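Topology and contacts: notes
Below are the chains, spelled out letter by letter.
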Amino acid sequence: MPRCSSRALLLALCSLTVFDPAEGLQTTVRPNKGSTVSVSAVLPSDQCAVCTVSGVNDTQTSCHTSLSLAPDEEVKLLFNCSTAIEQAFTVTVTQPIVCTTDKCSPTVGETQPSVLPELPRTFIWDLKAPEKTVVGLDVLGEGLVETSQTGPCSDGFQYSVSTTKSTGQVQTQAYCPGGSVTHLDLPNEATVSLKVQPKAQVIPVLFQASAGPLKGRTMVVTVDADTTVILSRDPTGAECQVCLVGGAVPNCSPTSGTLPKAQTTTLEFSCPKPQDVYSVTMEKKIGCTQSSCTPATGEADPNLFKEFKRSLTWDISVPERTVLALDFPGVGLKEIFGVDKCQDSHQYSLSTTNGEGKVKTKKYCKSGPASRLELLGQTTVAAEVPKDGDVGPTAFTANASPRKGKIMFVTPDPDTNIMIDRDAVEPDCSVCVDKAQKKICNPRHVTLRDALNTSVDFTCAQPQDYYKVEINREIDCTETSCAGDIVQPESSLFPDFNRTFTWDLKVPPTRVFQLDFPEAGMRQIPNGESCPDEHTYSVITYLRTGPAVIGTFCRGGSVTTVQALYKGRMLLQVAGNRKLEPLDIKVSVGPETTMVATVKVNLPRGVSDTDFTSASYPNHFPDNQQMAWDFVVPGMHNYTVLFRDHVAPECLKKEVQVEYHKEDKKVTKATLTDPQPAHQQGNFNMLLSNCETNRTLQGLSLRFTVSVMRSGHPVLCTVDLKAQDGVSVQIEKVGSDPHCEMTLNSDLKKKINVATGTKAKLSFLDCPNEDVRLTASKVIGCQNLNSCSVVDTQLTVPKLVSCLPMPLHSFTWHLNIPEDGTVGLELPVGRLRQSMPGQECNDSLSLRVAKGDGSALGDFCDGGIIQKVEIRSNASVTATAQDFITSSGPFLNVSFTKEISESIIYRVSPTESSVGLLATPNWPKGMNPFSTVSWIVTVPSQYQAALQFVNVSQPKCDKGHTQIKVQTLGAEEEILSRREDEEPQCELVVPYSFDLSMSNCLPQEGDFGAVTKVVLQRNKNLLAIIIGIVCALLLLLLIVLAVACVLIKKKKKARSDASIYMGKGNIFLPGDAHFSKTRTDNESHVYASIEDTMIYGHMLDGQEGSDGVQDGYKGIQMDSYQTFTGPREGPLPVMEEPESNPRTAFLDPSESFMPARPRTPIDRQDSLGFQDRRMVDNELFTFKSTGDMNTIRLSAADIEPEPPIYMITEEL
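Residues numbered from 1 in each chain as written. Predicted model: local features only at pLDDT ≥ 70, side-chain atom pairs only at ≥ 80, totals over all residues. Heavy atoms only, no water.

1. Quick word on the packing of aromatic side chains
Filter applied, for reference: Classification of ring pairs rests on two measures: the distance between centres of Phe, Tyr or Trp rings, Trp counted by its six-membered ring, which must be within 6.5 Å, and the angle between planes, read as stacked under 30 degrees, edge-to-face over 60 and tilted in between. Think of it in three bands: with a 1.4 Å probe and only protein chains considered, a residue is buried below 20% of the maximum accessible area for its type, exposed above 50%, and partly exposed in between.
As enumerated under the stated definition, the model contains 25 aromatic pairs in all. Look at Phe501 and Trp503: their rings are 6.4 Å apart centre to centre, the planes differ by 20 degrees, and that puts the pair in the stacked class. Between Phe811 and Trp813 the ring centres are 4.8 Å apart and the planes differ by 55 degrees, which places this aromatic pair in the tilted class. Classification of Trp813 by relative accessible area gives buried; the value is 1%. Here a set of aromatic residues connected by ring pairs shows up, and it is made of Phe612, Trp629, Phe631, Tyr639, Phe643, Tyr660, Phe684 and Phe704.

In structure tokens, the structure reads:
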């Protein structure tokens, strides 16, 4: 074999390379003796090929996709490829190294660096050695470092060592240059390879090879009494045996061995590096009570088998209801999941066993945030420590404490079942209840049925994280009614738990149960989703084919009613720690039907899209069943039905059909793929009918949307106030409907004000009456009181234009007076009453009176004792009525008068039949600072007023004092005067008309206000009653005596005519007598006596004496006198009288009066016991003058004393 003499070992191959760009790469190669070179194309043969060139002038070529070159033979190669050849071809150079028990041939690993350096190359050395022989490779140059990467190292080189296990498994370890590994001990059939990138410079020799017998290792270890040490060999690793030396016969095992405790043991390994094939498990035990653990630390020997991969295990026993706390000082732990690995290969594993025997394991790495772990149940702590890993003498500390549970006392409602179910597997927790004086525990499920106070004991501190609660009630219905409604009172049952409230509903067959939701309605969401407020409702019906979910709903939507067939369930799911927000749902019995369900919907106003689904969506709708939706569409709105998602089944009988029903219109039928109704108006019903389906395929399901939009027809109205003096109109949005649009002269407004004397064009689009408020006002005023014409002006509501679509809510009159004026208010008929808490005015009419500065006097209506209200400032009156069309006034009479002394004066006229309450302005709020108010109360004659201050609130005054005064009219002395710092007086009796006044201070805190009750009572004077009775008896006696005298005297008296003068009327000419003289010429009007029969004759009517005196008094006629009260109809008559007769002279006037009689309830000047002094000197009692009346006493009766004033003092 020819050699290059100067490079015998360094250059085993001489080659000549010629590169022709037009023909590819052409080169000459001679492989070294004992090595094999293989060239392979990566791409197919039609793209790339390697060819051998031979013959004269290289005229013969043989091309292949792969080519093996014979050792020590020169060959010329040509590489042709459509791409770069360094990406299209690979080169493999293989050389065996055969070893005996003491040497190898060849002794070095040569690379042949000149072989095809333009291409990527792989140099492979296959090692062969006898059994129990180790091949040692000494790396030349820089050392190697282990790596896990599969690609080339940074310098373009990558080493790998592959060994074959006894099981036939190949284990490969990669290396990169630049490490500390300079020697490798390899077994038989090991393979060493080097991958080189194109054009990389390779040294000729990589390593030197040597061989020697396989040597074992001896170790001496000491194991303490509390530790169990087990050696385990990896069955896939190299052959190696461990023997325990020390006994009569060594104890050897090729797989594992357990070291004796509490002694020193010698170990002999048959392999030089047992740490590569053996791992060590060290087990310790820790026992805990409910208060401590022994030992209290996880101890470890840092140096025991440090070179080996170790697994340190601590088995910790824990009693029931005990918490085990493990502290990892200094390191902390970080939990890892799945296939994650710790970077330093130092890994902890914690396994816990719950009460059901299930084991849960978690993995952790060092250097994490968890420095303390609290565990439940039996626990195993394992620390996986890599070779040469450091372990401290204390891995952790262990503490034990009683496990905190949670006890709850629960009283279920009658006919209510409570089910507590485990929702999570971990951690270990049980629920216990007392039944029949025995505690029953179950980790999974407990049911409470009795309406008794029951203790529920959880063995874990946070049971709400692991348990859920169902609260169930049954509602049975008859043909006409149900046993109750779905009521959700504010429940204190398990507030921290995830709760499901269920109501099982049952009605007679062929009937439906009907659920009427509150006014806010419900909104349907896809089944399985949750509501934002964590209150999710579901309605389920139970069919013969199984349960069907009618729908899942959230509060606040357009669904008002759900009807479902025969038997069903209503569910409410409430998340833990969420306060239950009550929602009452009315349950009733619906009509007979074959429908699975009927959903009634009130679609909202404005633009909206509302989603609906068929029962059990997205699962299949029951076969041969029907479901209906009843839609109420707002007026002036269009609707469109759009099918969003549907699945059409394979029908075996009948067809799937959708029907639309409208009032007085033909039924419209469609399929799932037909166009659905669009841009239509009016209410409609939608009916979905299923067929009999092929159940091996997917069944019917439907999700659709009903879109609503306004039809765009505004209400137009022109308001012209030019002809209505002082009237203005206000319109304001008060509802929450965002679709209501109001315009004033085409400008969009939220509040419209049509000013006095103007004209405005208004429009209203989709504005319900309840969302818009119409008010109006009128200004009444004058500048000068002398020229003011506001006297008994009636407050009436003027007629507004009829085109306004909303009713009038209130009307306000603004009453503006001059500076020296007063506003007077009174009812046209009746008297006012102030509205107070507990005695409010009814809704038909209310009048709010306020001062000009806005401070309110209160709300008033009729039926009280207030005759008039006078206000010394501008004022306003606001009338609020249910219907201004039927009640437009007049509501009050208003007058502008001269200024009064008080801020407000109420003129009050109580009656005997009513109890009046007088309240300070704006009661129950306080009076304004420094304001005054007065009530002038008129008390009729023979009556007295009882005052009672039923409610008085006094402030703490900053300046001034509050004052309550009572003073009779015309009197200077005050009957009552109290300040806020004086003892209050609760009751008071006043005999005459009086003035009740109150004034406020500047309060520092609190308010001043009062409510006063006024009751009218008759006077009750005991002395006057006694005198009246005595006088009545005397009068009766005198009458009897007078009658007796008359009967006696009428027999003795001669019959004669008597003149009678009447104060009014014609001249009487009794008998045949004639007055021939005037009154100034005779004394015919003077009587010496008057016949008793002329005085008491009216008492003798119907009686006949011996002379038959009757009918015009047939005896002598005499004048009788009646009190003359002044001129009557024309001048006094002139009477001609006959000659005077001494026998017919008039009696003295004082003798003509009747005896004294009890006092009657008339004024003193009208009493018979008194006469006017102007008439005393005239015998005929005619007036001497026109002066003031001056009475004198004529009656013998005693004057009735003045009524006393009663005062009752007590604390308010």
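2. Describing the pattern of salt bridges
In a structure, side chains of opposite charge can pair up when their charged atoms sit close to one another. Stated precisely, the cut-off is as follows: Whenever a carboxyl oxygen of Asp or Glu lies within 4 Å of a side-chain nitrogen of Lys or Arg, that contact is scored as a salt bridge.
Per the counting criterion, the structure on display carries 26 salt bridges. We note a salt bridge from Glu581 to Arg578, for which the minimum N-O separation is 3.6 Å. Residue Glu581 is classed as partly exposed on the basis of its relative accessible area, which comes to 33%. For Arg578, a relative accessible area of 27% corresponds to the partly exposed category. Taken together, the shared-partner salt bridges in this structure form one network comprising Asp533, Arg555, Arg578 and Glu581.

3. Examining the pairing of strand β42 (residues 467-476)
Applicable threshold: Strands qualify as paired when DSSP identifies two bridges or more between them. Helix and strand definitions here come from DSSP, where helices need a minimum of 4 consecutive H or I residues and strands a minimum of 2 consecutive E residues; each element is numbered from the N-terminal end.
The sheet contact formed by strand β37 (residues 416-422) and β42 spans seven bridges and is antiparallel. The residue bridging Ile418 from the neighbouring strand is Ile471, located in β42. Alignment of β42 against strand β43 (residues 498-506), held across nine bridges, turns out to be parallel. By the bridge assignment, Glu470 is partnered in β43 with Thr500.

4. So, a nonpolar patch on the surface
Keep this limit in mind: Like charges are joined within 9 Å and nonpolar side chains (Val, Leu, Ile, Met, Phe, Trp, Tyr) within 5 Å, but only among residues with over 30% relative accessible area and no salt bridge; these make up the patches. All accessible-area figures derive from a Shrake-Rupley calculation using a 1.4 Å probe, and residue coverage is judged against the displayed protein chains alone.
Nonpolar side chains collect at one region of the surface, where Ile1026, Val1030 and Leu1034 lie side by side and expose about 260 Å² of accessible area between them. Looking at the element boundaries, Ile1026 is found in helix α2 (residues 1022-1049). By relative accessible area, which is 45% here, Ile1026 ends up partly exposed.

5. A closer look at the nonpolar core
Heads up, the rule is: Remark: nonpolar core denotes a set of buried residues (Ala, Val, Leu, Ile, Met, Phe, Trp, Tyr, Cys) joined through side-chain atoms within 4.5 Å. Any two residues having at least one pair of non-hydrogen atoms within 4.5 Å are treated as being in contact.
Residues Ile731, Leu762, Trp813, Leu815, Leu825, Phe896 and Tyr906 are the most contacted members of the largest nonpolar core, which totals 81 residues. Here this core gets five residues from one element, more than from any other, and that element is strand β80 (residues 943-953). Setting aside residues up to four positions removed in sequence, Leu762 forms contacts with Val715, Leu716, Cys717, Val719, Ile731, Thr743, Leu744, Ile752, Val754 and Leu804.

6. Overview of the sheet that holds strand β19 (residues 217-223)
We apply this condition: A fitted line through C-alpha atoms represents every axis, and for helices the fit uses only the stretch in contact; the resulting angles, taken between N-to-C directions, go from 0 to 180 degrees.
Strand order in the open sheet formed by four strands is β19-β24-β21-β22, with antiparallel pairing between adjacent strands. What marks the edges here is a single partner per strand, and that holds for β19 and β22 (251-253). Across the sheet, the axes of successive neighbouring strands diverge by a mean angle of 25 degrees, strand direction being ignored. As paired strands, strand β21 (residues 242-245) and strand β24 (residues 263-269) are joined by four bridges and run antiparallel to one another. In the strand pairing of β24, Leu244 is matched with Leu267.

7. A closer look at the pairing of strand β70 (residues 821-826)
Extensive coverage of β70 is indicated by the burial of five of its six residues. Two strands pair when backbone bridges link them, and β70 and strand β74 (residues 866-871) are joined in this way by three bridges, in the antiparallel orientation. Note that in β74 the partner of Gly824 across the bridge is Glu870.

8. Remarks on the confidence of the model for the chain
For the record, the criterion: Known as pLDDT, the predictor's per-residue confidence is scaled from 0 to 100.
For the chain, mean pLDDT is 81; residues scoring 70 or higher make up 83% of the total. Summarising per-element confidence for the chain, the mean pLDDT is lowest in strand β1 (residues 17-20) (40) and highest in strand β58 (residues 684-689) (96). Below pLDDT 50 for its whole length, residues 1054-1061 participates in 39 contacts with residues either more than four positions away or in separate chains. Confidence over residues 1137-1188 falls short of pLDDT 50; this stretch has 116 contacts with residues more than four positions distant or in other chains.

9. Examining the state of the cysteines
Applied cut-off: Two cysteine sulfurs form a disulfide in these notes if their separation is within 2.5 Å.
Evaluated as defined, the whole model comprises 18 disulfides. At a sulfur-sulfur separation of 1.9 Å, the disulfide partner of Cys243 is Cys252. Between Cys243 and Cys252 the disulfide shows an S-S torsion of about 115 degrees. By sign, it is right-handed. We classify Cys252 as partly exposed; its relative accessible area is 34%.

10. Observations regarding the environment of Lys387
Test applied: Pairs of N or O atoms are called polar contacts if they sit within 3.5 Å, as long as, within protein, a hydrogen donor faces a hydrogen acceptor (for residues adjacent in sequence, only side-chain-to-side-chain pairs).
Inspection of the secondary structure assignment puts Lys387 in the loop between β34 (378-385) and β35 (394-402). For Lys387, a relative accessible area of 40% puts it in the partly exposed group. Taking the C-alpha atoms as reference, Lys387 lies 8.8 Å from Phe305; in sequence the two are 82 residues apart. Apart from the residues within four sequence positions on either side, Lys387 is in contact with Gln275, Asp276, Lys306, Glu307, Phe308 and Lys309. A polar contact is formed between the side chain of Lys387 and the backbone oxygen of Gln275, at a distance of 3.4 Å.

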